[in-house]
Amino acid sequence: MAANQIRKVSAASARAHTRKSKQGERRAFKLSPNMIALIVAVVGSFLGYAYLSLKAPPPKICGSPGGPSVTSPRIKISDGRHLAYKERGVSKEEAKYKIVICHGFDDSKDFRLAISEELLEELQIYLLSFDRAGYGESDPNPERSIRSEAFDIQELVDGLQLGPKFYLIGISIGAYPVYSCLKYIPHRLAGVTFVVPFVNYWWRCFPAHLSKEAFGRLRVQDQWTFRIAHFTPWIFHWWMTQKWFPSFSVMEGKLDIFSRSDLEILKQLSETPMEGQEKVRQQGVYECLHRDIMVAFGKWEFDPTDIANPFPNKEGSVHLWQAYEDRMIPFTLNRYLSQKLPWIHYHEVPDAGHLMIYNSTHCEAIIKAVVST
Ligand SMILES: *[C@@H]1O[C@H](CO)[C@@H](O)[C@H](O)[C@H]1NC(C)=O
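So, how was this worked out
Residues numbered from 1 in each chain as written. Predicted model: local features only at pLDDT ≥ 70, side-chain atom pairs only at ≥ 80, totals over all residues. Heavy atoms only, no water. Buried < 20%, exposed > 50% of the residue type's maximum accessible area, 1.4 Å probe, protein only. Helix = DSSP H or I, 4+ residues; strand = E, 2+ residues; numbered from the N terminus. Pairing = 2+ DSSP bridges. Right-handed = clockwise from strand over helix to strand, strands pointing away. pLDDT = per-residue confidence, 0-100. Contact = heavy atoms within 4.5 Å. Phe/Tyr/Trp six-rings, centres within 6.5 Å; stacked < 30°, edge-to-face > 60°. Lys NZ or Arg CZ within 6 Å of the ring centre and 35° of its normal. UniProt positions renumbered as here; feature names shortened; annotations may be inferred. Salt bridge = Lys/Arg side-chain N within 4 Å of Asp/Glu carboxyl O.

**Q** Which residues make up the pairing of strand β4 (residues 125–130), and what values go with them?
**A** Within β4, six of the six residues are buried, which leaves it mostly tucked inside the rest of the structure. Of the two faces of β4, the one carrying I125, L127 and S129 and the one carrying Y126, L128 and F130 are both buried. One ladder, built from five bridges, connects strand β2 (residues 82–89) with β4; its direction is antiparallel. Each residue of the ladder has a partner; that of R88, found in β4, is L127. Here strand β3 (residues 97–102) runs beside β4; their pairing, made up of five bridges, is parallel. Its bridge partner lying in β4, I99 is registered against L127. With helix α3 (residues 117–123) bridging β3 and its parallel neighbour β4, the resulting β-α-β unit is right-handed.

Written out as structure tokens, the structure is:
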């Protein structure tokens, strides 16, 4: 009996509920302003999403309230930005060779050349590394360009009073600041070394078939990353942070972009974690990593082949070290460049990969070539 009543009551309340919601539906249909509001909200949040994903979040600037703290020596340059640096080897006063190092992608001034203190002492070398703009503890540069990197270096060495000339080593994507110095401040250079230098596939100096062939050998996701950096940099932040398509393979930690010798080096490196790596991206990935790719693979004001021989009287030399098994930088393009630019001493190292500078045998050879000329 009681159970029957309960059933009746709940059936009645269910009917009432259905009636109510039908009325609700009818009302919602009639109340078109509500629908409009809903549509506006949906479209608005989509646009908001699009806007937020296109626009990079502001950087967390070192030393600003709530930002990471400043723990390294820094130089203030003319536009008010700071550049953080690190020195190694003999003092700059007694050094015979003052060498500035331009670190590669996702790296910093804490990148350590695989060369002993004894050898630095013996060869009287002073090493200066610095965080390129937006990396580590150096302020971001929203105006960053190929050109600005050369003048950052010039202001840094002048701030530290290194004297009229210095040597320069650029590693991987750190080659574009070196090309920039060769173009804009060649009179300041005593010698130049490229190590596994990156190439821009849109440099006009490459014969079309050669750059096309090299580009085609990249992973499809990397081709898209470089194309977007080149043609539509305004969606680059979205591309690098979206989850629908794979973007830059290096960021995904895939190992097949490394050669056999690279993997050996990675194994060694993982046993002795390098200091300072946690600081590399602390100001946000956009100002360091994304901007690096956008600048390097963007549109250049000049081609490497537009650069004049910086040492016409052989008062210095330019070395380019290419790893033959490099899977990130195709040797065909750097080989071509060094044929076009006879003042480049081209070293193609067999059995070496993109990480060759971490191998002390190769690193010493590279440094000895710097000081032998
Ligand atoms: C460094 O390079 C040398 C010369 O190619 C090679 O013999 C050696 O095994 C390499 N070391 C490492 C750790 O890869």
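What follows continues from the structure just given.
**Q** Lay out the confidence of the model for the protein with the relevant residues and their values.
**A** Of the residues in the protein, 92% reach a pLDDT of 70 or more, and the chain-wide mean stands at 90. Low pLDDT (under 50) marks residues 1–26, which in the prediction has zero contacts with non-local residues, meaning those over four places away or in another chain.

**Q** So, the packing of aromatic side chains: which residues are in play, and what are the values?
**A** What the rule picks out here adds up to 27 aromatic pairs. Measuring from ring centre to ring centre gives 5.5 Å for Y179 and W203, while their planes differ by 80°; the resulting arrangement is edge-to-face. Taken as a pair, Y179 in helix α5 (residues 175–184) and W203 in the loop between β6 (189–195) and α6 (208–216) lie far apart in primary sequence, 24 residues in all. Residue class for W203 comes out buried when judged on its relative accessible area of 2%. Ring centres of W238 and W244 lie 6.3 Å apart, and the angle between their planes is 70°; this geometry places the pair in the edge-to-face category. Take W238: its relative accessible area is 17%, and that puts it in the buried class. By relative accessible area, which is 59% here, W244 ends up exposed. In this arrangement the basic side chain of R147 is found over the ring face of Y184, its NZ or CZ atom lying 4.7 Å from the centre.

**Q** Would you mind going over the UniProt feature "domain: AB hydrolase-1" (unreviewed entry) in the protein in detail, with residue names and values included?
**A** Per the UniProt record, the feature "domain: AB hydrolase-1" (unreviewed entry) sits at residues 99–358. Structurally, residues 99–358 comprises 35% helix and 13% strand, and the distance from its first C-alpha atom to its last is 17 Å.

**Q** How would you explain the pattern of salt bridges if you had to name every residue and give the values?
**A** Once their charged atoms are close, side chains differing in charge can pair, the charge on each being opposite to the other. For the structure on display, the rule yields 23 salt bridges. In this structure, R81 engages D152 in a salt bridge whose closest nitrogen and oxygen atoms are separated by 2.8 Å. Separated by 71 residues along the polypeptide, R81 in the loop between β1 (74–76) and β2 and D152 in helix α4 (residues 146–159) bring together distant segments of the chain. Relative accessible area serves as the criterion here: at 3%, D152 is assigned to the buried category. K109 is paired through a salt bridge with E137; the nearest N and O atoms lie 4.0 Å apart. On the criterion of sequence distance, the pair formed by K109 in the loop between β3 and α3 and E137 in the loop between β4 and α4 is long-range, its members being 28 residues apart. Note on accessibility: K109 and E137 belong to one class, buried. Taken together, the shared-partner salt bridges connect K86, K109, D110, D131, E137 and K279 into one network.

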